[in-house]
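Fold and geometry: a report
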Amino acid sequence: MHLKKFFLFLLLISYGFSEDLAKLLNEYRIESELSKITKIESAGFVDIYTREDLEKMQARSLLDILKTLPVLMLTRTSNNLYLFSKPTSSYIPMPAIRLFINDHDVTSTSFGSAMVVWSDMPVEYIDHIEVYKTASSMEFSNEPGTAIIKVYTKKAEREEGGKLRVLKDQKGSFEADTYFAHTALDGFSYFFYVNTNNIKRKKYDHKEYEISSDKKGYNFYSDILYNDWRIELAHYFKENENFMGIGTNYTPSDGKVDVKQSYVHITKNFKNSFKLQLEYDNLDYDRTYQDENGIYAGSAGIVDYYSTHCKDDVFSVIAEKRLLFEKNRLLLGAFYKYKGFKAEGKFDQISTNYANSLNLYSLYAENSFSFDEKTMIVGSIKEDFYIYDKEVRSHSHHIIRLGFIKNIGNFQFKAFSTRTYYPVEFYKLYNKDDIPYKINPNLRFPIIDIHMASIRYKKKGYEVEFRASAHRLKDNVIFSDSGFINSPDTVRKEFYLLKYAYLFDRNDRLYLEFFTGENNKGVELSPKYGINFRIFNSYGKFDFYNELIYKSSYEAYGISVDKTFDWTAAAKYHYSPNLSIGIRGENIFNSSFKQVYKNFPYAIPVFDKKFWINMEYLF
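Here the structure is a predicted model, which is why all the values come from computation and not from measurement. (Residues numbered from 1 in each chain as written. Predicted model: local features only at pLDDT ≥ 70, side-chain atom pairs only at ≥ 80, totals over all residues. Heavy atoms only, no water.)

**Quick word on the overall build of the protein chain**
The helix and strand inventory of the protein chain stands at 7 helices and 39 strands. Radius of gyration (C-alpha) of the protein chain: 24 Å, near the 25 Å computed for a compact globule of 619 residues. Over its C-alpha atoms, taken along the principal directions, the protein chain stretches across nearly 75 × 55 × 45 Å. A burial count over the protein chain gives 57% of its 619 residues as buried. Considering only intrachain contacts with a sequence separation of at least 6, the fraction spanning at least 24 residues in the protein chain is 62%. When the accessible area of the protein chain is evaluated, it comes to approximately 26,000 Å², of which 58% is carbon and sulfur surface. Put simply, the protein chain has 82 plus and 80 minus side-chain charges, and the middle of one group is 4 Å from the middle of the other. (Helix = DSSP H or I, 4+ residues; strand = E, 2+ residues; numbered from the N terminus. Rg over C-alpha atoms; globule rule 2.2 N^0.38 Å. Buried < 20%, exposed > 50% of the residue type's maximum accessible area, 1.4 Å probe, protein only. Contact = heavy atoms within 4.5 Å. Areas by Shrake-Rupley, 256 points an atom, 1.4 Å probe, with all protein chains shown as cover. Lys, Arg positive; Asp, Glu negative; His and termini not counted. Charge placed at Lys NZ, Arg CZ, Asp CG, Glu CD.)

Pasting the structure below:
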């Protein structure tokens, strides 16, 4: 590592701070992509978006990436939250999707996952993104989830200088990003990033009421490294309008959500392969609804004003040790997590409040045994102990996972079998049909069995991969007339994906993905089939990107939705190594995936038709 830094320092002196330096740094960055270092093959199905991908896509927020994922289909709820569904199925529980920024699990006590806050985070300060599906690897050293989104930030060790980016669309939206990085020779480096945005969305009419989902906010991130101690500080604030709201007739007259989350993440890597992490998260979530036609509020009846405020405090200590033997790679780890929860509510003239906390202890181990260079088996076990401060009974849950990876010539075969679970979000442990909130001590954590297999053929410039997975879900948490309960039914789902990738050269690449799924209930609450097509091209000083996302027709809640074709295209002109200008068109056909909402008369596109122009300047 020190030799690489010294080599880079000599190059900096040789070239000076010029356009040649910017070009050199770009070449150095490409040849040592972080994604080649961070990818974990044994963690499940993995999809990777490199830094070059993000730049050519001209991605603005994490949503621009998540919408291109196969099988996981991005949608949004009636109150303007972004969630995932799978072919034929409804929303995936929030705790099933875990978001990591570097090694930090950005989490929430109230909602079980940070996706409710960070799903539309800006990505200008992101180096690359890895998405692991049907995963439960102990390598992630935190709470369980079946889909892991790993977002890796740009590092000062790989950057020098800064960048300014401004964006504007035809609806009046505006966004600006800037970051600055510097590395000294005494083991000290820093990276600072700031974003601000004001996003305008298409408005809809319903019963003479306007449905709006505009958003504004800002994001700050800093990464400081000194003598192998890494300190990350981040703050994200956003104010969203309520879209349809939660009124009985979907006629919101006012209301919004103000949400802010801050975290501190400290990491120390010791020379004996021992790693220590300290984390603190603070979340403030303030949601109000106003609807003169009424909002159902449990035993409070029908109200016009509905307000909830949640405050989370989460503190974690994570310690792990890696042991390397001739044929074994052993990971031993443990963590302690404190999760505090406070909730207040006001429903017309009725006020409520409640508080509780959780102490979570976890022990885990994972062993990878290599018979030879081509054959590996993976086994992992994890035990989690949940100890609540009051009312909710304490209990423990385990995760067991076995895997097999075999390479034969140009083929790779992977198979994994996992028994895991979903933690129940705090807000579901309290029955919102009772005022004040009432505990449901009998609510059980859902248990899920996942079996997956894939075969991949890779040769020269192309790659073909087939994936299949089967899921069995027991004790799923559903909403009924009596509040949240465990479903008595066992749900079985199967999903299939065929991927094709062709690399003409480094600058010209094509990706094609076909996916489908089914469930044992015989329902189709979302499209059954989908096709994702993406192509990257470069010609001289121009970069081009095109994506076409097809989803099949479906019918839900009595509303039929025709098949959709969502075309996004982007072009960027590099005036110089330091200055570029770009344009990105989204949902150009105005035919993106439409979501059906219960008791609402028509489906609404998840994404608007937009055209963004942007300017980037390196300094």
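That was the structure; now back to the text.
**Let's talk about the pattern of salt bridges**
Pairs may arise between side chains of opposite charge once their charged atoms sit close together. Counted according to the given criterion, the structure contains 45 salt bridges. Linking Glu52 and Lys56 is a salt bridge whose minimum nitrogen-to-oxygen distance equals 3.6 Å. Here the residue Glu52 and the residue Lys56 both occupy positions in helix H4 (residues 51–57), the gap between them amounting to 4 residues, near one helical turn. Using a relative accessible area of 9% as the deciding quantity, one classes Glu52 as buried. One salt bridge in this structure joins Glu239 and Lys256, with 3.3 Å as the shortest N-O distance. Here Glu239, found in strand S14 (residues 229–241), pairs with Lys256, found in strand S15 (residues 254–269); they are 17 residues apart in sequence, far enough to count as distant. The network of salt bridges with shared partners includes Asp47, Lys133, Glu465, Arg467, Lys499 and Glu513. (Salt bridge = Lys/Arg side-chain N within 4 Å of Asp/Glu carboxyl O.)

**Considering unusual backbone geometry**
Backbone geometry at Asn102 places phi at a positive 60 degrees, although glycine is not the residue there. Here Asn102 is to be found in the loop between strand S4 (97–101) and strand S5 (104–105). Unlike most non-glycine residues, Asn599 shows phi in positive territory, near 70 degrees. Within the secondary structure layout, Asn599 lies in the loop between strand S37 (594–595) and strand S38 (604–605). Since its relative accessible area comes to 65%, Asn599 is described here as exposed.

**A closer look at the pairing of strand S1 (residues 45–49)**
A regular strand places its side chains on the two faces of the sheet in alternate fashion. Across the 5 residues of S1, 4 count as buried, placing the element largely inside the fold. As judged from the 5 bridges shared by S1 and strand S6 (residues 126–133), these two strands associate in the antiparallel manner. Its bridge partner lying in S6, Phe45 is registered against Lys133. (Pairing = 2+ DSSP bridges.)

**Things to note about a nonpolar patch on the surface**
Together, Ile408, Phe411, Phe413, Ile455, Val464, Phe466, Leu498, Tyr500, Tyr502, Phe504 and Phe514 make up a nonpolar patch on the protein surface, roughly 960 Å² of accessible area in all. For the nonpolar patch, the elements supplying multiple residues, two or more each, are strand S22 (411–421), strand S26 (462–474) and strand S29 (491–503). With 3 residues, the top contributor of residues to the nonpolar patch is S29. You can see Val464 is positioned in strand S26. Classification of Val464 as partly exposed rests on a relative accessible area of 31%. (Patch = residues over 30% accessible without salt bridge, like charges linked within 9 Å, V, L, I, M, F, W, Y side chains within 5 Å.)

**Remarks on the nonpolar core**
Formed by 70 residues in total, the largest nonpolar core has its most connected members in Phe84, Trp118, Met121, Tyr125, Ile129 and Ile149. If we skip the residues at most four places from it in the chain, Trp118 touches Leu62, Leu99, Ile101, Val106, Tyr125, Asn219, Ala234, Tyr236, Gln261 and Tyr263. By size, the runner-up hydrophobic cluster in this structure holds 20 residues, among which are Tyr386, Val392, Ile399 and Phe445. (Core = buried A, V, L, I, M, F, W, Y, C linked by side-chain atoms within 4.5 Å.)

**Comments concerning the packing of aromatic side chains**
As enumerated under the stated definition, the model contains 42 aromatic pairs in all. For the ring pair Tyr511 and Phe536, a centre distance of 6.0 Å and an interplane angle of 90 degrees mean the geometry is edge-to-face. With Tyr511 in strand S30 (residues 509–519) and Phe536 in strand S31 (residues 529–539), this residue pair connects regions lying 25 residues apart in the sequence. Three or more aromatic residues joined by ring pairs make a cluster, and in this case those are Phe180, Phe188, Tyr190, Phe192, Tyr226, Tyr617 and Phe619. One cation-aromatic arrangement involves Lys268 over Phe270; the distance from NZ or CZ to the ring centre is 5.4 Å. Looking at Lys390, its charged tip hangs above the ring of Tyr354, at a distance of 5.0 Å from the centre. (Phe/Tyr/Trp six-rings, centres within 6.5 Å; stacked < 30°, edge-to-face > 60°. Lys NZ or Arg CZ within 6 Å of the ring centre and 35° of its normal.)

**Focus on the sheet that holds S5**
A sheet is described by the order of its strands in space; here 5 strands give the open sequence S1-S6-S7-S4-S5, paired in mixed fashion. Two strands in the sheet have a free side with no partner beyond their single neighbour: S1 and S5.

**Topic: the confidence of the model for the protein chain**
The predicted model of the protein chain averages 90 in pLDDT, with 92% of residues at 70 or higher. Counting contacts from residues 1–19, a segment whose pLDDT is below 50, to residues more than four positions away or on other chains yields 18 contacts. (pLDDT = per-residue confidence, 0-100.)

**Considerations on the environment of Ser454**
Along the chain, Ser454 turns up in strand S25 (residues 447–459). Between the C-alpha atom of Ser454 and that of Ser591, which follows or precedes it by 137 residues, the distance is 32 Å. Those residues in contact with Ser454, other than ones at most four positions away along the chain, are Phe45, Gln412, Phe413, Lys414, Glu465, Phe466 and Arg467.

**Here's the deal with the environment of Ile148**
If you trace the backbone, Ile148 turns up in strand S7 (residues 147–153). Taking relative accessible area as the criterion, Ile148 reaches 3% and is therefore assigned buried. Once you skip the residues sitting within four places of it in the chain, Ile148 turns out to touch Arg98, Phe100, Glu130, Val131, Tyr132, Ala135 and Phe140.

**Quick look at the environment of Ala156**
Mapped onto the elements of the fold, Ala156 is located in the loop between S7 and strand S8 (161–169). The spacing of Ala156 and His104 is 52 residues in sequence and 18 Å in space, taken between C-alpha atoms. When near neighbours in sequence (up to four residues on either side) are disregarded, Ala156 contacts Ala181, His182, Thr183, Ser189, Tyr190 and Phe191.

**Quick look at the side chain of Asn242**
Here Asn242 shows up in the loop between S14 and S15. Classification of Asn242 by relative accessible area gives buried; the value is 3%. Here Gly255 takes part through its backbone oxygen, which lies 3.5 Å from a polar atom of the side chain of Asn242. When sequence neighbours within four positions are dropped, the list of residues in contact with Asn242 reads Ser78, Asn79, Asn80, Ser212, Asp254, Gly255, Lys256, Val257, Arg287, Thr288 and Tyr289. (Polar contact = N/O pair within 3.5 Å; in protein donor to acceptor, adjacent residues only side chain to side chain.)

**Some thoughts on the side chain of Asp47**
Within the secondary structure, Asp47 sits in strand S1. Of the polar contacts made by the side chain of Asp47, one reaches the side chain of Lys133; its length is 2.9 Å. Here Asp47 is in contact with Pro70, Ile129, Glu130, Val131, Lys133, Arg467 and Lys499, once residues within four sequence places are set aside.

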